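# Structural features, examined
So you can see what is in the structure, the chains are spelled out below.
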Amino acid sequence: MTRLGLFGGTFDPVHYGHLWTIEAARLELGLPEIWMLPNPYPPHKLHVPMTPYVHRKEMLRLALAEFPALKLSDTEEKVDGPAYTTETIRRVVAELPPGEKDLWLIVGADSLVELPKWKNPEDLFEYARVAVLRRPGVDIREAPAQYIARVRMLDTPLIPISATEIREAVKLGRDTSEWIPESVRNYIMEHRLYQ
Ligand code: ATP
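Residues numbered from 1 in each chain as written. Predicted model: local features only at pLDDT ≥ 70, side-chain atom pairs only at ≥ 80, totals over all residues. Heavy atoms only, no water.

### Brief notes about the overall build of the chain
- A tally of regular secondary structure across the chain gives eight helices and six strands.
- The secondary structure elements of the chain, listed N-terminal to C-terminal, are β-α-β-α-β-α-β-α-α-β-α-β-α-α.
- The C-alpha radius of gyration of the chain comes to 16 Å, within 12% of the 16 Å expected for a compact globule of 195 residues.
- Dimensions along the principal axes, computed over C-alpha positions, put the chain at roughly 45 × 35 × 35 Å. (Helix = DSSP H or I, 4+ residues; strand = E, 2+ residues; numbered from the N terminus. Rg over C-alpha atoms; globule rule 2.2 N^0.38 Å.)

### Some remarks on the environment of Ala25
- Positionally, Ala25 belongs in helix H1 (residues 16–29).
- The sequence separation of Ala25 and Leu6 amounts to 19 residues, and the corresponding C-alpha distance is 11 Å.

### Observations regarding the site of the ligand
- The full set close to the ligand counts 22 residues, and Asp110, Ser111, Ile159, Ala163 and Thr164 are the nearest of them.
- Taking Phe11, its main chain carries an N or O atom lying 3.0 Å from an oxygen atom of the ligand.
- One of the side-chain N or O atoms of Ser111 is found 2.9 Å from an oxygen atom in the ligand.
- When the ligand sits alone it has 600 Å² of accessible area, and the protein chains cover 90% of it. (Near = heavy atom within 4 Å. Polar contact = N/O pair within 3.5 Å; in protein donor to acceptor, adjacent residues only side chain to side chain. Areas by Shrake-Rupley, 256 points an atom, 1.4 Å probe, with all protein chains shown as cover.)

### Side note on the pairing of strand E5 (residues 129–133)
- Burial of E5 is extensive: four of the five residues sit out of reach of the surface.
- Here strand E4 (residues 101–108) runs beside E5; their pairing, made up of five bridges, is parallel. Note on E5: the bridge partner recorded for Ile106 is Ala131.
- In terms of strand pairing, E5 meets strand E6 (residues 152–153) through two bridges, oriented parallel. Pairing of Val132 across the sheet is with Met153, part of E6. (Buried < 20%, exposed > 50% of the residue type's maximum accessible area, 1.4 Å probe, protein only. Pairing = 2+ DSSP bridges.)

### Observations regarding the pattern of salt bridges
- Taken as a whole and assessed by the stated rule, the structure comprises 14 salt bridges.
- With a shortest N-O distance of 2.6 Å, Arg61 and Glu58 are connected by a salt bridge. In this pair, Arg61 and Glu58 both sit in helix H2 (residues 53–63), three residues apart, roughly one turn of the helix.
- The exposure class of Arg61 is partly exposed, given its relative accessible area of 45%. (Salt bridge = Lys/Arg side-chain N within 4 Å of Asp/Glu carboxyl O.)

### A few points about the packing of aromatic side chains
- This structure, assessed with the given rule, holds three aromatic pairs.
- Between the aromatic rings of Tyr16 and Trp20, the centroid separation amounts to 4.1 Å while the plane-to-plane angle is 5°, which identifies the pairing as stacked. Of this pair, Tyr16 and Trp20 both sit in helix H1, four residues apart, which is roughly one turn of the helix.
- You can call Tyr16 buried: its relative accessible area is 9%.
- Here the basic side chain of Lys119 rests over the ring of Tyr84, its NZ or CZ set 4.6 Å away from the ring centre.
- Here the guanidinium or amino end of Arg150 rests over the ring plane of Phe125, the centre of that ring lying 4.2 Å away. (Phe/Tyr/Trp six-rings, centres within 6.5 Å; stacked < 30°, edge-to-face > 60°. Lys NZ or Arg CZ within 6 Å of the ring centre and 35° of its normal.)

### Regarding helix H3 (residues 85–95)
- Of all the residues in H3, the buried ones are Thr86, Thr88, Ile89 and Val92. Buried positions in H3, seen along its axis, are confined to an arc of 160° and lie on one side of it.
- Buried residues along H3 sit against strand E1 (2–9), strand E2 (34–38), E4 and helix H5 (121–127). (Arc of directions from axis to C-beta. Contact = heavy atoms within 4.5 Å.)

### Some points on the nonpolar core
- If you look at the biggest cluster of nonpolar residues, it comprises 32 residues, and the most contacted ones within it are Met36 and Ile106.
- Counting only elements with at least two residues in this core, the list comes to H1, E2, H2, E4, E5, helix H7 (163–171) and helix H8 (182–190).
- In this structure, Met36 is in contact with Phe7, Phe11, Ile22, Leu60, Leu64, Leu70, Lys71, Leu72 and Ser73, ignoring residues within four places of it in sequence.
- In this structure, Trp35, Val92, Leu124 and Ala128 belong to the second largest nonpolar core, which totals 23 residues. (Core = buried A, V, L, I, M, F, W, Y, C linked by side-chain atoms within 4.5 Å.)

Right, here's the structure in full:
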């Protein structure tokens with residue numbers, strides 16, 4: 001049986017709020033592997049200025065060197081235009097070897113609250129079970145009750161950081177070493193990102 005977790009994001013840039021929580025989720029769910037899916041054109045951020053995908057993907061690749069069970073997946077690169085999570089999961093399922101599958105889609109608590117805005121959110125549950133990472137400042141009760149009832153709430157650590165705050169900190173020349181791997185910090189400096 002294929003047992004796999006999927007974790008999508010913009011990763012602009014990837015930070016320990018993603019990495020530590022998703023690794024904790026992997027251990028809690030007992031999954032051998034999690035695929036990290038950077039989204040080239042996140043549908044909900046189409047009008048938001050964003051770092052080019054090549055940089056976001058490369059920073060993620062560098063960060064994952066510290067987390068051998070988290071694998072970079074370029075599945076969403078193959079999509080023409082914005083990649084919607086339900087379609088991505090369908091695509092992943094089609095690419096996996098035949099046989100039984102136990103798939104988990106893992107999302108942050110803020111994403112669960114936003115789920116009604118996703119394209120065909122109901123379809124997600126056909127292909128995967130959904131697990132939710134705790135996130136500071138997000139009240140999960142704001143999510144629709146019918147989704148809360150169907151997801152597994154994880155007991156992952158609360159890491160109070162967002163990519164928005166990292167971008168702001170880099171711009172202001174603040175120390176970000178607590179929140180992002182050194183390799184990612186070096187990449188940001190080398191390519192003068194978030195200036
Ligand atoms: P931004 O601040 O640019 O909106 P972000 O830090 O929220 O970015 P994304 O790449 O948009 O990061 O998030 C990918 C996934 O990771 C989402 O499901 C989000 O909820 C989750 N996530 C991000 N940061 C954390 C965190 N600190 N704790 C738990 N989940 C998180």
